[in-house]
Amino acid sequence: MLKYNVVVIGGGPAGLGAALEAKKNGCEKVLIIERDRELGGILNQCIHNGFGLHEFKEELTGPEYAGKFIKMIQEENIDFMLNTMVLNIDEANDEKIISAMGEDGLIEISADAVILAMGCRERTRGAIDIPGYRPAGVYNAGAAQRFINMEGYLVGKKVVIYGSGDIGLIMARRMTLEGAKVQCVVEVNPHSSGLTRNIVQCLDDFNIPLKLQTCINYIHGKDRVSGVTLAKLNDNREVIEGSEEFIECDTVLLSVGLIPENELSSGIGVNLDKKTSGPIVNNSMSTDKEGFFACGNVVHVHDLVDFVTKESRIAGKNAALYVLNKKAKKKSSTSNNIKTVASDGIGYVVPQYINIDSNEDVNLFMRVRNICTGKKLVVRCNNEVIFEKKRAHMIPSEMERININKDLLGKIDSDIYISVEEV
Ligand SMILES: Cc1cc2nc3c(=O)[nH]c(=O)nc-3n(C[C@H](O)[C@H](O)[C@H](O)COP(=O)(O)OP(=O)(O)OC[C@H]3O[C@@H](n4cnc5c(N)ncnc54)[C@H](O)[C@@H]3O)c2cc1C
């Protein structure tokens, strides 16, 4: 059986960053396992720019961002397997046993530590139950993006996009640039769920209408999509009778949410957070199962890859420390964990736990529940405010970040509560 110190599952930006950091922190034998035909993850299909502003201080395309990391992986001689899908993870004699299907059949690999970096997948039509037949021409937006940008197929000519998340917005522009007519982007919420810069650059610049508080009520067409019926929604998300409108199209792209890929994680007994659908982690990106770390979209859906990279470095470094401590038969740092609680106005907080003995700055990532203007993010411990940050404008689609520096961490002795409050 092949033996490694750290095995990273997934060769997207999270996996690449984590593998590099594990190697840099003293783990000689690091392996990345990727089911696709190349490293880079979702970035390979994101040929638009907007990546790397924080990490490299320049605006890169997805493949360029991934390319920089792949080069570093090669320079560090880190092993990777492509076209290899991890199917199962077991534990035996203090080792993790990874079963994967590769080009030559089933293989087993043993590891001291595992980093989960499997990204996320798209919600499908089945998850949102749109009535109608099942004609050709209904795609997930990310799948259509792969067809167009990597395989060279234009998936349709007259398009309606359902969901105004970033993938939907980016595909509205992409389809237009390829010569298709995007009839409209339809959103059930009263606000878009994408980044503001994407609304401006992908819709406004191309005069593509965004229909808010609207749903697709029916998909028409038997062999191929021939149109959709849209309907306006009231504040309780009920269809307003008489508001129906038929829009002709041959293609519907669905951009209706992402689900972290955690079948492997739950299979090994890692506890998942109901709000993020990702593993519960502490500030070392350690899950609650010893020797398993996680980072990137598998933990929570990120809008910026730079923060995926940041998180992956923490996971890689701490996986390496765990392995080195294990080899030296030293106990890993004590887990004096306190909880980070999403309080008023906050949807979720990651990490869910902080090891207050870690003596390092901690970045808390969170999303607000609703659009808020002129409010502040407040962190309380024992009912006392320990940190606050004014924010002119916050929206659920843009991740918020709070840095708790290590001096402040030293003063925390019980769970902390994060909320949105009036200034
Ligand atoms: C359409 C779109 C536009 C975006 N635009 C921007 C932007 O403009 N700027 C920006 O900063 N960010 C953007 N992002 C976000 C950014 O690309 C993601 O946050 C980032 O790619 C997530 O990295 P990841 O490694 O966690 O996941 P992924 O990139 O999804 O990588 C996960 C990898 O794990 C592999 N995998 C999964 N399961 C297994 C298994 N069982 N065995 C082996 N391999 C497995 C997958 O094949 C995949 O390669 C965009 C994302 C999308 C989808």
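Residues numbered from 1 in each chain as written. Predicted model: local features only at pLDDT ≥ 70, side-chain atom pairs only at ≥ 80, totals over all residues. Heavy atoms only, no water.

(A) Seen up close, the nonpolar core. The biggest cluster of nonpolar side chains holds 64 residues, and the ones touching the most others in it are V6, V7, I9, I89, I98 and I115. Shared between two domains, this core takes at least three residues from each, and those domains are domain 1 (1–122 + 257–332) and domain 3 (336–423). Discounting residues that sit within four places of it in the chain, I9 has contacts with I33, V86, I89, V114, I115, L116, A117, M118 and L264. Listed in part, the 23 residues of the second largest apolar core include I354, L364, V379 and I412. (Core = buried A, V, L, I, M, F, W, Y, C linked by side-chain atoms within 4.5 Å. Buried < 20%, exposed > 50% of the residue type's maximum accessible area, 1.4 Å probe, protein only. Domains from an automatic or database assignment. Contact = heavy atoms within 4.5 Å.)

(B) Here's a closer look at the sheet that holds strand β27 (residues 416–422). Strand order in the open sheet made by the five strands is β22-β20-β27-β24-β25, with mixed pairing throughout. Sheet topology places β22 (353–355) and β25 (384–394) at the edges, where each strand pairs with a single neighbour. Pairwise comparison of adjacent strand axes, ignoring direction, gives a mean angle of 25° for this sheet. Judged from the seven bridges that link them, strand β24 (residues 372–381) and β27 form a sheet pairing that is antiparallel. What sits directly across from V379, in β27, is I418. (Pairing = 2+ DSSP bridges. Helix = DSSP H or I, 4+ residues; strand = E, 2+ residues; numbered from the N terminus. Axes fitted to C-alpha atoms, helices over the stretch in contact; angles between N-to-C directions.)

(C) Focus on the pairing of strand β15 (residues 227–232). Counting buried positions along β15 gives five out of six residues, so the element sits mostly inside the fold. Bridge count between strand β14 (residues 214–220) and β15: six bridges; the pairing is antiparallel. Residue pairing in the sheet places C215 in a bridge with A231 of β15. Counting the residues in the hairpin turn of β14 and β15 gives six residues, including G221, whose phi is positive at 110°. Two strands pair when backbone bridges link them, and β15 and strand β16 (residues 245–248) are joined in this way by four bridges, in the antiparallel orientation. What sits directly across from L230, in β16, is E245.

(D) A look at the sheet that holds strand β12 (residues 181–186). The strand order across the open sheet built from five strands is β10-β17-β11-β12-β13, with neighbouring strands paired in parallel fashion. Looking at the sheet topology across the chains shown, the edges are occupied by β10 (138–140) and β13 (210–211).

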